[in-house]
Amino acid sequence: MRMARFCDERLRWEEEQAGGTGSTAGTAGTAGTAGTAGTAGTAGTAGTAWAMGAAWGVLRALRLGSHEARLHFPRLLQLVETTSSTSTTSSSTSTSSTTSSTASSPLPWEGHGTDLRALVEEQLPRMPCWPLLGWLGHMLALLDKPEASCVQGALVNLARHYPRALPYALRISAESYAFPATESGRRNREFVERLKRMLDDGGLVDNFIRALEQLTNPDMLVKDWVAEVRLLLAPGPRDEAALREALCSLRRSLCDVQTAGTGAFRRRVARVLNEQLTRVFGASGDRLVSLSAREFERAGAQLVRDVGRAQGREPGSLKDYSGWLAEFGVTRRRGDGDQQLQQQLEIPGQYTGTQRPLPEYHAMVAGFDDRVQVMSSIRRPKRVWVLGSDESERSFLVKGGEDLRQDQRLQQLLALMSGVLARDAACCQRRLHIRTYQVVPVSTRWGHRHHHHAMPM
């Protein structure tokens, strides 16, 4: 790692000299959102050799199990994303002089020339895959980009060894994939489909996520829908197809009471909401596309009030929200006698990337307690209790309507800060540390947090 740090510092200096912003705090698209600093926008033209040295150092340290290398992995992805794979050894005067000065002593990565992506694509699948669990979101975000081949081998290894660690992160990333109409785009799309097949669990995770969505108050969902449609009705050309699809999406979310496991809390809202949507906006959205922004504001506010009155007070029993969650893991009567449903749903949040996981000892969901505690914050999150196969009881805070990936990144940052405190003698003597909790985003608008003895505030 000493060489990786030296090359990275030199690379940032090269960027500064070239007019880049490598010394300022910032991000580099998706790959640099977890506490990395600076950008590498000029690495392809002023420092490719330094980028190769930094990447080789990190990869070598990862193979040797370096903790510091795990923390530098987002920087490696940043270099991959911003360094051109078509760079040559004559990319800059500085690079040429560096290479010539070491001609008598061949560098370990010289077999790859200056093709950083080829180096990472070859070496990363050879590394132990578990240290990469903490950066799943960063790798999955690259799958619709030209540099996707660099992480595909590592993701396949993760899917083979830890298949239950990927479904939530893959589901979130897949919502924003936009594959270009090129040969590489086609290959990347096929890889994503192959990865989904490797992780196929018969729809168990999808059913779990749909059941968690039932815990969000209908009036909150209607408020979010009104805010989204307000943007579609902004001055300018209107996208009628998008408006109609928005209306259909709200109907599917709140008015489809035929879905198995829908609780009474949603059912008593569905009829009122469906009648109001048809009366105000039309069965297929014909009136919605012709409303002015002011008319929609009045109609939307009235709709939120009507739904709020229809839903009433939030119940305190899980079966009123979701029958699927309430009945999960219970013994049911079948034709051949009593039989325990063996639905192997792993309790989320057990893959941290800080130590090698042992999935065979991970706790599975044995059931859910019928208690539901409604918090008093704006989004009205619900606290539920999960019964584990290890005879433990864990509390989760289920929150909808927000993208919890930012909360997840914040907890990662706090964990790094707690590690710094633990390595400082004075802080360690005072037992200073930061208590963190697991945040598991299950979609761009849903997620849950694992609290140990947390108290509502």
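The following paragraphs examine the structure supplied in this document.

Scoring rules and cut-offs
Residues numbered from 1 in each chain as written. Predicted model: local features only at pLDDT ≥ 70, side-chain atom pairs only at ≥ 80, totals over all residues. Heavy atoms only, no water. 1 Å grid on protein atoms, 1.4 Å probe; cavity = no way out; pocket = protein on both sides within 12 Å on 5 of 7 lines; lining within 4 Å. Points joined across faces, edges and corners; volume = space filled by probe spheres on them. Helix = DSSP H or I, 4+ residues; strand = E, 2+ residues; numbered from the N terminus. Axes fitted to C-alpha atoms, helices over the stretch in contact; angles between N-to-C directions. Parallel < 35°, antiparallel > 145°, perpendicular 65-115°, else oblique. Left-handed = near helix turned anticlockwise from the far one by under 90°. Contact = heavy atoms within 4.5 Å. Core = buried A, V, L, I, M, F, W, Y, C linked by side-chain atoms within 4.5 Å. Buried < 20%, exposed > 50% of the residue type's maximum accessible area, 1.4 Å probe, protein only. Disulfide = S-S within 2.5 Å.

1. Concerning empty space enclosed by the protein
Item 1. Within this structure, the stated rule accounts for three cavities of 30 Å³ or more.
Item 2. By volume, the largest cavity is sized at about 80 Å³.
Item 3. Taken together, 11 residues line the largest cavity, and the ones lying closest to its centre are F208, P348, F368, V386 and F396.
Item 4. Elements with a contribution of two residues or more to the lining of the largest cavity: α11 (204-213), β3 (365-374), β4 (382-388) and β5 (393-400).
Item 5. A volume near 60 Å³ is recorded for the second largest cavity.
Item 6. Looking at the second largest cavity, the residues that line it are A4, D8, A54, A55, V58, H72, R75, L76 and L79.
Item 7. Among the secondary structure elements, those contributing two or more residues to the lining of the second largest cavity are α1 (2-17), α2 (48-63) and α4 (73-82).

2. Here we look at the packing of helix α13 (residues 240-254) against helix α14 (residues 264-281)
Item 1. At a minimum axis separation of 9 Å, α13 and α14 run at an interaxial angle of 160°. Accordingly, the angle class assigned to the pair α13 and α14 is roughly antiparallel. Considering only the axes of α13 and α14, their crossing is left-handed. Where α13 abuts α14, its residues L247, L250, R251, S253 and L254 lie against R266, A270, L273, N274, L277, T278 and F281.

3. Focus: the nonpolar core
Item 1. Membership of the largest hydrophobic core comes to 53 residues, with the highest contact counts inside it found for L143 and L158.
Item 2. Mapped onto this core, the elements with two or more residues apiece are α1, α2, α4, α6 (116-123), α7 (136-140), α8 (149-161) and α10 (183-198).
Item 3. Sorting elements by how many residues they give to this core places α2 first, with nine residues.
Item 4. Setting aside chain neighbours within four positions, we find L158 in contact with C129, W130, L132, L133, L136, M139, P163 and L166.
Item 5. With 26 residues, the next largest nonpolar core counts I209, Y321, V386 and V442 among its residues.

4. What about the state of the cysteines?
Item 1. In this structure the tally under the stated criterion is zero disulfides.
Item 2. The closest cysteine sulfur to the non-disulfide-bonded C428 is located on C427, 8.7 Å from its own sulfur.
Item 3. Residue C428 is classed as partly exposed on the basis of its relative accessible area of 45%.

In short, shape yes, function no, at least from these values alone.
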